Amino acid sequence: MPRAKRPSRWKPLQYANAERVYRFIESFVETYQYPPTLNEVGEGCFMSRSTAMRYLDVLQAWGCLVRDAGVARGIALVGPLPPPPDETLDPKPSDPAG
């Protein structure tokens, strides 16, 4: 399986969505003492099931979680979320009035 792009190459919104999925799983496990299903991740993060799966793939490639194939609640967080992308890699245009 090819590795997902490193967080520093991601647009801030894409990183924010991956972080939202990670935080949702973290909160769900803390509340219910078991991991969410893929459908619950999608519903809890207000995204489609396929988009949720994409971000689970990314988080798995980053080493944040592992999944048990064929198990409905087979998601386990195993590592921290990487730091957000360095905003200096995507500089914002300077304010001409500034």
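Source: prediction; values computed, not measured.

A. Main features of the side chain of T37. Looking at the secondary structure, you find T37 in the loop between α1 (12-32) and α2 (38-44). Residues within four places of T37 in sequence aside, it is in contact with A72 and R73.

B. Broad picture of the nonpolar core. In this structure, V21, I25, V41, L56, L59, W62 and L81 are the most contacted members of the largest nonpolar core, which totals 21 residues. If you list the elements that add at least two residues to this core, you get α1, α2 and α3 (49-61). Not counting the four nearest positions on each side in its chain, V21 is found in contact with V41, C45, M47, Y55, L56 and L59.

C. Representation of unusual backbone geometry in the model. Phi is positive for Q33, which is not a glycine, with a value near 70°. Tracing the sequence through the fold places Q33 in the loop between α1 and α2. Non-glycine residue F46 carries a positive phi angle of around 55°. The residue F46 is located in the loop between α2 and α3 in this model. Classification of F46 as exposed rests on a relative accessible area of 75%.

Rules used throughout
Residues numbered from 1 in each chain as written. Predicted model: local features only at pLDDT ≥ 70, side-chain atom pairs only at ≥ 80, totals over all residues. Heavy atoms only, no water. Helix = DSSP H or I, 4+ residues; strand = E, 2+ residues; numbered from the N terminus. Contact = heavy atoms within 4.5 Å. Core = buried A, V, L, I, M, F, W, Y, C linked by side-chain atoms within 4.5 Å. Buried < 20%, exposed > 50% of the residue type's maximum accessible area, 1.4 Å probe, protein only.

Purely geometric stuff here, so don't read any function into it on its own.
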